[in-house]
Amino acid sequence: MASPLARPSNDWRPSTAGPAVQVRNFSRRFGDVTVLHDLDIQIGRGEFVALLGRSGSGKTTLLRTLAGIDPAPLDQVQTPTARAVVFQDARLLPWKKVWRNVALGLRGGDIRARAEAALTEVGLEHRLDVWPATLSGGEAQRVSLARALVRDPGLLLLDEPFAALDALTRLKMHELVLSLWKRHAPAVLLVTHDVDEAVALADRVLVLEDGRIAAEERIDLPRPRATDATFQDIRARLLAKLGVDAGQRRPVEGALLAFPSGEIVA
Amino acid sequence: MSSITLDRKTSSFTVPRFRLRGGRWVSPLLLLLVWELGSRTGVIPERILAGPSAVALTFWSMVVGGELPANLAVSLARALAGLAFGLSAGVVLALAAGLSRGGETAIDPLMQLKRTIPVLALTPLFIVWFGIGETPKITLIAVATVFPIYMNLFSGIRGVDARLIEAGKSFGLSQAELIRHVILPGALPSFLVGLRYALGVSLLVLVVAEQINASAGIGHLINNARDFMRTDVIVVCLVVYASLGLAADQLVRTLEARALAWRPTFIKS
Ligand SMILES: Nc1ncnc2c1ncn2[C@@H]1O[C@H](COP(=O)(O)OP(=O)(O)OP(=O)(O)O)[C@@H](O)[C@H]1O
Ligand SMILES: [Mg+2]
């Protein structure tokens, strides 16, 4: 093994006590437009956080920063070294067989076995050696999840990973993500447009608006979450924050709801 | 050029296949018949155009006599040598320009400039520089094939889906790994299009280059045949050139089927 000193020294390692993600006073501008304003966010180890916000509110920008795709000052943004992203479009390399996509960039021995184990966890052990182009949307997204999990991430970033899936597949994916999260216990940041999804899955829901956290809801309901009164309450509060009147029971312009109310069976 | 998406409906470039199906062989056959008939009845004199059967006989005797294989080997060697130089130079230049901004600034303008000069117009200059031996012929082919390779590979590299590159980065791929696992495979379909063009161009330029005082090769056969008004030999040589073109096409198609097995179009079949 290489000595720890040989690793790049700018890799921030979480101390055993601290949160997984620590964002302090972080701003992000594109030209004259400030997308994120002095943002402060903390995500605890193993905490499941959902991030809601209108289109263009800066959710993806934040996620890209946390993923290390866009650089950020170390004193403002601190994350675990092991991070993994699941994008809305699975982004599998079409020229690599499924298991090689999962193994992409893995170091160390027995990569195939590790990829296989991860694919088994998402129920795709029978699709190891096929081309990504032959996968259904849901399967591709599961491969994408396996590819993220095989890295044992301390932080799992999900950018609207289920938005392109049909309602039924989406519910199955919710269960899958929850079970994987329980087993591997990474901190999770789930970006979504779907309030029901956020409330059904997360420990905490953040609403991003004009580059600031405009609302925060802690959800202490046990999982799986039934659509009981508390659920509806939280949901209505979040919808109101997003400019949707939940009392109308149908999405108004901007269509933030994927399901009509009450349809969710988490 | 063709960018890689995960869209399952991605259309692949389609190439007209040399296939005679569903009665499509009737008219070519009819043409052959009429041609043969014209030759037999003397309507088409042999010094204008030899008949198909005469051509076939000549072809056979040239094969058996070893004249055709020997000259074909010379021509093929020329084309391959030129192609080898053109291909290597094209790949090196495209990698340099495609993978670095500095490389692009240095190389791309020169290549675009070069493109404006019709390669065959360089023939006189090459003869002055290199004489009338093998060098000008091979150089012509090399110069002509550089560009299709360069342009297609370069645009293939630049056209690789940025989202895939981003995904690769997010999974901790190093620059070298990105190039190896993401950028080069992503540029491969484009490169193969370039290769197909280059093969076609190399044959075209071969035909012209072989008119430069060749003492062997298919072009040499044609020149001799012209002097003796042997239209049968000329037609045999034309058929050989055509077969070379077909073979080149088949070669690329086989390469594609192997290298691009992941493409939805190939998966289906
Ligand atoms: N590279 C960039 N250059 C310039 N502007 C950008 C860039 N990336 C994002 N933006 C702008 O920043 C704002 C936030 O974009 P972002 O993608 O983070 O929104 P989002 O909340 O993810 O939206 P959506 O829900 O539609 O995905 C948008 O107005 C967008 O136009
Ligand atoms: Mg987004």
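Residues numbered from 1 in each chain as written. Chains lettered and ligands numbered in written order. Predicted model: local features only at pLDDT ≥ 70, side-chain atom pairs only at ≥ 80, totals over all residues. Heavy atoms only, no water.

Chemist: Residue-level account of the overall build of chain B, with values.
Modeler: Across its full length, chain B holds 11 helices and 0 strands. Expressed as lengths along the three principal axes of its C-alpha atoms, the size of chain B is roughly 75 × 50 × 30 Å. Expressed as a percentage of its 269 residues, the buried residues of chain B come to 42%. Sequence separation of 24 or more characterises 75% of the internal contacts of chain B that already satisfy a separation of 6 or more. About 14,300 Å² of surface is accessible on chain B, with carbon and sulfur atoms providing 70% of the total. Here chain B carries 24 positive and 15 negative side-chain charges, and the mean point of each set is 7 Å from the other. (Helix = DSSP H or I, 4+ residues; strand = E, 2+ residues; numbered from the N terminus. Buried < 20%, exposed > 50% of the residue type's maximum accessible area, 1.4 Å probe, protein only. Contact = heavy atoms within 4.5 Å. Areas by Shrake-Rupley, 256 points an atom, 1.4 Å probe, with all protein chains shown as cover. Lys, Arg positive; Asp, Glu negative; His and termini not counted. Charge placed at Lys NZ, Arg CZ, Asp CG, Glu CD.)

Chemist: Lay out the sheet that holds strand β8 (residues 204–209) of chain A with the relevant residues and their values.
Modeler: All names here are of chain A. Strand order in the open sheet made by the 6 strands is β5-β6-β7-β3-β8-β9, with mixed pairing throughout. Each edge of the sheet is formed by a strand with only one pairing partner; in this case those strands are β5 (83–86) and β9 (212–218). When the angles between neighbouring strand axes are averaged without regard to direction, this sheet yields 20°. Alignment of strand β3 (residues 48–53) against β8, held across 5 bridges, turns out to be parallel. Following the sheet pairing, glycine 53 is matched in β8 by leucine 208. Relative to β9, helix α7 (residues 229–241) is tilted by about 175°, and along the sheet it contacts β3, β8 and β9. (Pairing = 2+ DSSP bridges. Axes fitted to C-alpha atoms, helices over the stretch in contact; angles between N-to-C directions.)

Chemist: Residue-level account of the interface of chain B and chain A, with values.
Modeler: Taken together, the 21 residues of chain B in the interface contact 25 residues of chain A. The junction of chain B with chain A conceals about 2,100 Å² of combined surface from both sides, 66% of it contributed by carbon and sulfur atoms. B:Arg163 is the partner of A:Asp89 in a salt bridge, and the nearest nitrogen-oxygen pair spans 2.1 Å. Where chain B touches chain A, the interface holds 8 residue pairs in polar contact (both at pLDDT 80 or more). Within the residue set of the side of chain B that touches chain A, elements represented by two or more residues are α7 (162–170), α8 (175–209) and α11 (264–268) of chain B. Class assignment of the residues belonging to the side of chain B that touches chain A gives a composition of 12 nonpolar, 5 polar and 4 charged. (Buried area = accessible area lost by both parts, 1.4 Å probe. Salt bridge = Lys/Arg side-chain N within 4 Å of Asp/Glu carboxyl O. Polar contact = N/O pair within 3.5 Å; in protein donor to acceptor, adjacent residues only side chain to side chain. Nonpolar A, V, L, I, M, F, W, Y, C, P; charged D, E, K, R; others polar.)

Chemist: Describe the site of ligand 1, listing the residues and the values that go with them.
Modeler: Residues and elements named next belong to chain A. Taken together, Phe30, Val35, Arg54, Ser55, Gly56, Ser57, Gly58, Lys59, Thr60, Thr61, Glu160 and His193 form the complete shell of residues around ligand 1. Taking serine 55, its side chain carries an N or O atom lying 2.5 Å from an oxygen atom of ligand 1. A distance of 3.2 Å is found between an oxygen atom of ligand 1 and a backbone nitrogen or oxygen belonging to serine 57. It is helix α1 (residues 59–67) that contributes the most residues to the shell around ligand 1, 3 residues altogether. Grouping the constituent residues of the shell around ligand 1 by class yields 2 nonpolar, 7 polar and 3 charged. (Near = heavy atom within 4 Å.)

Chemist: I'd like a description of the pattern of salt bridges, backed by residues and values.
Modeler: Residues and elements named next belong to chain A. On inspection of all chains with the given rule, the structure shows 29 salt bridges over all chains. When the shortest N-O distance is used, the salt bridge between arginine 112 and aspartate 129 registers 3.4 Å. Of this pair, arginine 112 sits in helix α3 (residues 111–121) while aspartate 129 sits in the loop between α3 and α4 (137–149), and the two are 17 residues apart along the sequence. Two residues, glutamate 216 and arginine 204, come together in a salt bridge whose shortest N-O distance is 2.8 Å. A residue pair is termed long-range when its members are at least 10 positions apart, and glutamate 216 in strand β9 and arginine 204 in strand β8 qualify at 12 residues. The buried category is assigned to arginine 204, whose relative accessible area is 8%.

Chemist: Please give an account of the sheet that holds strand β2 (residues 33–43) of chain A that cites residues and values.
Modeler: Think of a sheet as strands paired side by side through backbone hydrogen bonds, with each pair either parallel or antiparallel. All names here are of chain A. With antiparallel pairing, the 3 strands of this open sheet are ordered in space as β2-β1-β4. A strand with exactly one partner marks an edge of an open sheet, and here the two such strands are β2 and β4 (77–78). Bridge analysis of strand β1 (residues 21–30) against β2 gives 7 bridges, and the strand direction is antiparallel. Paired with arginine 29 across the two strands is threonine 34, which belongs to β2.

Chemist: Please set out the confidence of the model for chain A residue by residue, giving values where relevant.
Modeler: Residues and elements named next belong to chain A. Overall, the predicted model of chain A reaches an average pLDDT of 84, with 85% of residues at or above 70. Scored below 50 in pLDDT, residues 1–15 makes 15 contacts in the model with residues more than four places away or belonging to other chains. Low confidence marks residues 248–266, where pLDDT is under 50. Its contacts with residues over four positions away, or in another chain, come to 32 contacts. (pLDDT = per-residue confidence, 0-100.)

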